Protein chains: 2
Amino acid sequence: MSDESDAPSLAHLYAERTRRGDGGIDYGAWRELVTPETVNLTYGFPFPDSFPNAELLDAAETLFEEEPERALQYGGGDYADELAGIVAERSQDRGIDCHEGEVMLTNGATNGIDVVCRTFLDPGDAVFVEAPSFTWSLAVIRSHGVETVGIEVDDDGVDVEALEAELARRRREDLAMPKLFYTIPNFQNPTGVTLSLERRERLLDLASEYDFVVLEDDAYGELRFEGEDVPPLRSLDDTGRVIHLGTFSKTIAPGIRTGWAIAEAGVVEQLGALHTGGPNRFTMGLLAAYCRAGYLDAAVPELREAYRDRRDHLLSCLEQSMPAGVEWTEPAGGFFVWVELPAGLDAEAMLEGAIERGVVYLPGRLFYTTETGGQHCLRLSFSRASFEEIERGIAALGETVAARLAD
Amino acid sequence: MSDESDAPSLAHLYAERTRRGDGGIDYGAWRELVTPETVNLTYGFPFPDSFPNAELLDAAETLFEEEPERALQYGGGDYADELAGIVAERSQDRGIDCHEGEVMLTNGATNGIDVVCRTFLDPGDAVFVEAPSFTWSLAVIRSHGVETVGIEVDDDGVDVEALEAELARRRREDLAMPKLFYTIPNFQNPTGVTLSLERRERLLDLASEYDFVVLEDDAYGELRFEGEDVPPLRSLDDTGRVIHLGTFSKTIAPGIRTGWAIAEAGVVEQLGALHTGGPNRFTMGLLAAYCRAGYLDAAVPELREAYRDRRDHLLSCLEQSMPAGVEWTEPAGGFFVWVELPAGLDAEAMLEGAIERGVVYLPGRLFYTTETGGQHCLRLSFSRASFEEIERGIAALGETVAARLAD
């Protein structure tokens, strides 16, 4: 039975979308070449020293001591119950007027996207996304069998004029209008750019005019290094059509995989009707005890400082090592810098050489829904690698680009 | 914005299945009547003393001490990686020949059902279920917009002759054939009955003949009180068409909400392609450290004994308090006893009176997909209430039934 060769495939019984393979990610063959010695600037992993092991252990002690009969039960105890309220309080501090009945806990922001898609999307619907946007989010959205349409991003976030033109064109040509626009307005993944206030307001006007939901993925919003916060889309909207997603993955740890969706109470009820259940109650209680002990409030300023130092270091290494003609973004928060190589260079084709020189990054193509998008672009993460690694990795990248330019 | 009355509804943008309300559960108005004083024999909650608080805290200490840089990272550390292998080992002990590549971790068994449904089912597909079956499982299955067809259960589990007759009828009449048969073969929820070996073999023959997947939900399989284990369907199948679901919810705690699906490696890969991600990596590492310390092996025999004592107590209370004409199952494991009242009595109509007398149970209707199923039946859980509560609750139930019979 465990020998696959003997067992007939069940593929003919799969759902249509499973047979189509919607939602798969083709990373490319280069992943096989990466070794433990390669400086890894690919994924947005927090740096290892950032993990609050001792504080979470302390929170676990509190939880078990105070709720010995409920911490592990279905439904959990008071701490688990409190988490939605804690999220609501923290969101109010960021300008979002909400209460706990408007908060749904999720298994991280990705699960939040999935639950929203399941609630709103039928196969064949159109979804507008930023181009580029986060690979995994795009994969989750596409797994629902929908058409994704990318709208260009520049230094001020998504180009709302291009968005309006595309909306008008589709209406004129009687094409499917979008049900959903997915955006990462703060320190966007992968570009690091932030959507300006003016554009946020225009985006909301367009959402009302063309009647679509705005899915605001604010995974990095609390990690601003400098400048003033731009108000969340959800705080600027008075039509109830913004669903705001957040996560503790970047401010506590990805391993606890807990995020949230904030929406009108009626929408939250529908999201919950999917029986996906959100994070486990033990994790919810643990995080509430952690927050109530003040650990999160203490950690966030430290994390902002640590990631700012990392960004500064990456930017100064780029300044030092990149040949003329290479450009990059300077994010005011988050984990990522987006690099544009001179036209004609192909970041994916260059990757094998980069890995040979000792550095790996993510090629721009992975962040587009079209096959040719982002060819001369790449994403660098400054969240995990050490300062020494960043220096070595960017030097290797500079050499790789210089060699290509010399070809 | 947080005032719903001002915000226009987004209901017109919902997916079709959301608008249809597929998957909702109508518990009935009686839930409002239950007070903290009511003896609660409804849900399959473990009893509070069963929770391994100290052992999980110890496992957390081990985890953080041994993997300080990875326990909370995306992907987790070696302990998290090990959990699928631990599940495979434990499943081998139960006769299932499998390796870790055939195991997918899930957010409990319910999430396992959902992931299987998403992978295999298109709206309009037919799914066969046991009648009665677990309310939440039925709701999850129905949330996929499919037709559910109930096949009667008796003391030896699902009636395979009735199953065969329905399959033959549907083929003859050119109706949609089932893609999936969902079964809880051991100590079934809600009836407590176990599917006999002979019927398991017949079910698998029918699955091959009529080409459907068997979804084996074995949530209670490790909690057998007496008699010999009947081999899991997955262990009896050589066609690869059984997907086996298990969970730590009953043997460790529901609050950690971690289960698994065991299937052919190719199917596991498809289940994983949904990006739902399974339980968080911290929980996975924690459970692996807990299992590796020997805590689970030590707990299971104790849990079997504790639940057996509870079952014995419930059965002796029923013997003592039930009027003539009332019948009930005598489960060899699990959490539930199924009670059949004399024909003509309506367990749901009787519920208000029972709550007034101080006891609450789940009416049989909740476990059927048809409106009239299970009217004279009810489910009792012996997993959570104290011995004193069980005695008091069953006495109240006996009085309620006697009063109805006297009417």
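Reading guide: rules and limits
Residues numbered from 1 in each chain as written. Chains lettered and ligands numbered in written order. Predicted model: local features only at pLDDT ≥ 70, side-chain atom pairs only at ≥ 80, totals over all residues. Heavy atoms only, no water. Helix = DSSP H or I, 4+ residues; strand = E, 2+ residues; numbered from the N terminus. Buried < 20%, exposed > 50% of the residue type's maximum accessible area, 1.4 Å probe, protein only. Contact = heavy atoms within 4.5 Å. Areas by Shrake-Rupley, 256 points an atom, 1.4 Å probe, with all protein chains shown as cover. Lys, Arg positive; Asp, Glu negative; His and termini not counted. Charge placed at Lys NZ, Arg CZ, Asp CG, Glu CD. Pairing = 2+ DSSP bridges. Salt bridge = Lys/Arg side-chain N within 4 Å of Asp/Glu carboxyl O. Arc of directions from axis to C-beta. Phe/Tyr/Trp six-rings, centres within 6.5 Å; stacked < 30°, edge-to-face > 60°. Lys NZ or Arg CZ within 6 Å of the ring centre and 35° of its normal. Expected span 1.5 Å × (residues − 1). Axes fitted to C-alpha atoms, helices over the stretch in contact; angles between N-to-C directions. Parallel < 35°, antiparallel > 145°, perpendicular 65-115°, else oblique. Nonpolar A, V, L, I, M, F, W, Y, C, P; charged D, E, K, R; others polar. Buried area = accessible area lost by both parts, 1.4 Å probe. Patch = residues over 30% accessible without salt bridge, like charges linked within 9 Å, V, L, I, M, F, W, Y side chains within 5 Å. Least-squares fit on C-alpha atoms with pLDDT ≥ 70 in both. pLDDT = per-residue confidence, 0-100. Left-handed = near helix turned anticlockwise from the far one by under 90°.

**Brief notes about the overall build of chain A**
The number of helices and strands found in chain A is 13 helices and 14 strands. When burial is assessed residue by residue, chain A has 61% of its 407 residues classed as buried. For chain A, restricting intrachain contacts to residue pairs at least 6 apart in sequence, the fraction spanning at least 24 positions comes to 74%. With the model as given, the accessible surface of chain A reaches about 15,000 Å², and the carbon-plus-sulfur share is 44%. One way to put it: in chain A the 34 positive side-chain charges average out to a point 4 Å from where the 74 negative ones average out.

**Description of the sheet that holds strand E10 (residues 327-328) of chain A**
All names here are of chain A. Reading across from one edge, E10-E11-E14-E13 is the order of the four strands in this open sheet, with antiparallel pairing throughout. This sheet does not close on itself; its edge strands, each paired only once, are E10 and strand E13 (362-363). Looking at chain direction, E10 and strand E11 (residues 336-340) are connected through two bridges and run antiparallel. Residue pairing for E11: Glu-327 is matched across the bridge by Glu-340.

**Remarks on the pattern of salt bridges**
It is possible for side chains of opposite charge to pair when their charged atoms get near one another. Scanning the entire structure with this criterion turns up 50 salt bridges over all chains. A salt bridge links A:Arg90 to A:Asp297; its shortest N-O distance comes to 2.8 Å. With A:Arg90 in helix H3 (residues 78-93) and A:Asp297 in helix H11 (residues 295-321), this residue pair connects regions lying 207 residues apart in the sequence. Note that B:Glu166 is salt-bridged to B:Arg169, the shortest N-O span being 3.0 Å.

**Focus on the pairing of strand E11 (residues 336-340) of chain B**
Residues and elements named next belong to chain B. For E11, the tally of buried residues reaches four of five residues, placing the bulk of the element in the interior. Of the strand pairs in this sheet, E11 and strand E14 (residues 377-381) are connected by five bridges, and their pairing is antiparallel. Bridged to Val-337 within E14 is Leu-380.

**Remarks on helix H9 (residues 265-272) of chain A**
Within the span of H9(A), buried status applies to A:Val267, A:Val268 and A:Leu271. Relative to the axis of H9(A), the buried residues are bounded by an arc of 100° and lie together on one face.

**Section: the packing of aromatic side chains**
Aromatic ring pairs are reported here in terms of the distance separating the ring centres and the angle at which the planes meet. For the structure on display, the rule yields 28 aromatic pairs over all chains. Seen from their ring centres, A:Phe120 and B:Tyr14 are 5.1 Å apart, and the 50° between their planes marks the pair as tilted. Taken as a pair, A:Phe120 in helix H4 (residues 108-120) and B:Tyr14 in the segment before helix H1 (16-20) lie in two separate chains rather than in one. Take B:Tyr14: its relative accessible area is 8%, and that puts it in the buried class. Look at B:Tyr307 and B:Phe335: their rings are 4.6 Å apart centre to centre, the planes differ by 35°, and that puts the pair in the tilted class. Residue B:Tyr307 is located in helix H11 (residues 295-321), and its partner B:Phe335 is located in the loop between strand E10 (327-328) and E11; the two are separated by 28 residues in the primary sequence. Following the ring pairs from residue to residue traces out a cluster consisting of A:Phe47, A:Tyr220, A:Tyr307, A:Phe335 and A:Phe336. In this arrangement the basic side chain of A:Arg31 is found over the ring face of A:Tyr27, its NZ or CZ atom lying 3.9 Å from the centre.

**A few points about the pairing of strand E8 (residues 242-247) of chain A**
Residue and element names in this part refer to chain A. The buried count for E8 comes to six of six residues, which makes it a mostly enclosed element. Side chains Val-242, His-244 and Gly-246 of E8 all project onto a buried face; the interleaved residues Ile-243, Leu-245 and Thr-247 project onto the opposite face, where all are buried too. Taken together, the four bridges between strand E7 (residues 213-217) and E8 define a ladder with parallel strand orientation. Its bridge partner lying in E8, Asp-217 is registered against Leu-245. Two elements, E8 and strand E9 (residues 259-262), share four bridges in a ladder whose sense is antiparallel. Within E9, the position partnered with Leu-245 by the bridge is Ala-261.

**Notes on helix H2 (residues 53-66) of chain B**
For H2(B), built from 14 residues, the straight-helix expectation of 20 Å at 1.5 Å per residue is met to within 8% by its first-to-last C-alpha distance of 20 Å. Elements that come into contact with the buried residues of H2(B) comprise helix H2 (53-66) of chain A together with helix H3 (78-93) and helix H10 (281-292) of chain B.

**With respect to the packing of H2(A) against helix H10 (residues 281-292) of chain A**
All names here are of chain A. At a closest axis distance of 8 Å, the pairing of H2 and H10 adopts a crossing angle of 110°. Judged on the interaxial angle alone, H10 and H2 are roughly perpendicular. Residues Glu-55, Leu-56, Ala-59, Ala-60, Leu-63 and Phe-64 of H2 lie in contact with H10, whose contacting residues are Phe-282, Gly-285, Leu-286, Leu-287, Ala-289 and Tyr-290. Across the contact of H2 with H10, the residue classes break down as 10 nonpolar, one polar and one charged.

**Digging into the interface of chain A and chain B**
Listed as interface residues are 82 residues of chain A and, on the opposing side, 83 residues of chain B. Together chain A and chain B conceal approximately 7,400 Å² of surface at their shared face, both sides included; 55% is due to carbon and sulfur atoms. One can count two salt bridges joining chain A with chain B. Measuring nitrogen to oxygen at the nearest pair gives 2.8 Å for the salt bridge that ties B:Arg118 to A:Asp114. If you list the elements that add at least two residues to the side of chain A that touches chain B, you get helix H1 (16-20), H2, H4, helix H5 (135-142), H9 and H10 of chain A. Top element by residues in the side of chain A that touches chain B is H2(A). It accounts for six residues.

**Re a negative patch on the surface**
A surface patch of like charges, here negative, comprises A:Glu61, A:Glu65, A:Glu66, B:Asp58, B:Glu61, B:Glu65 and B:Glu66. Contributions of two or more residues to the negative patch are made by H2 of chain A together with H2 of chain B. Looking at which element gives the most residues to the negative patch, the answer is H2(B), with four residues. Mapped onto the elements, B:Glu61 comes out in helix H2. Assessed through its relative accessible area of 33%, B:Glu61 is described here as partly exposed.

**Quick notes on the side chain of B:Asp218**
All names here are of chain B. Looking at the element boundaries, Asp-218 is found in the loop between strand E7 (213-217) and helix H8 (233-236). What makes Asp-218 buried here is its relative accessible area of 5%. Beyond its immediate stretch of four places on either side in the chain, Asp-218 contacts Arg-94, Asn-186, His-244 and Leu-245.

**Concerning the relation of the copies chain A and chain B**
Superposing chain A onto chain B takes a rotation of 180° combined with a translation of 0.0 Å along the rotation axis, leaving an RMSD of 0.0 Å. What the rotation and shift describe, once combined, is the action of a two-fold rotation axis. Both copies present the same face, since 100% of the interface residues in chain A are matched by interface residues at the equivalent positions in chain B.

**Observations regarding the environment of A:Glu209**
Residue and element names in this part refer to chain A. Looking at where Glu-209 falls in the secondary structure, it is placed in helix H7 (residues 197-210). For Glu-209, a relative accessible area of 43% corresponds to the partly exposed category. Distance in space between the C-alpha atoms of Glu-209 and His-12 is 43 Å, their sequence separation being 197 residues.

**Description of the sheet that holds strand E3 (residues 126-131) of chain B**
Residues and elements named next belong to chain B. Pairing is mixed across the open sheet formed by eight strands, whose spatial order is E2-E9-E8-E7-E6-E3-E4-E5. Strand pairing shows two members of the sheet lacking a second neighbour, strand E2 (103-106) and strand E5 (157-158), which therefore form its edges. The pairing of strand E6 (residues 178-183) with E7 spans four bridges and is parallel. Opposite Tyr-182, over in E7, you have Leu-215 as the bridge partner. Running over the sheet, helix H5 (residues 135-142) touches E3, strand E4 (147-154), E6 and E7 and is turned about 170° from E3. Lying on the sheet, helix H6 (residues 160-172) is in contact with E3, E4, E5 and E6; it crosses E4 at an angle near 150°.

**What about the confidence of the model for chain A?**
All names here are of chain A. On average, residues of chain A score 95 in pLDDT, and 98% of them reach the 70 mark or higher. Counted against residues more than four places away or in other chains, residues 1-5, with its pLDDT under 50, gives 14 contacts. Two summary scores accompany this predicted model of the complex, namely pTM at 0.95 and ipTM at 0.95.

**Some points on the packing of H11(A) against helix H13 (residues 387-406) of chain A**
All names here are of chain A. Here H11 crosses H13 at 30°, and the two axes come no closer than 9 Å. Regarding the angle of H11 to H13, the classification is roughly parallel. The element H11 and its partner H13 pack so that their crossing is right-handed. In contact with Asp-309, Arg-310, His-313, Leu-314, Cys-317, Leu-318 and Ser-321 of H11, H13 contributes Phe-387, Ile-390, Glu-391, Ile-394, Ala-395 and Gly-398. When its residues are assigned to classes, the contact of H11 with H13 shows seven nonpolar, three polar and three charged.

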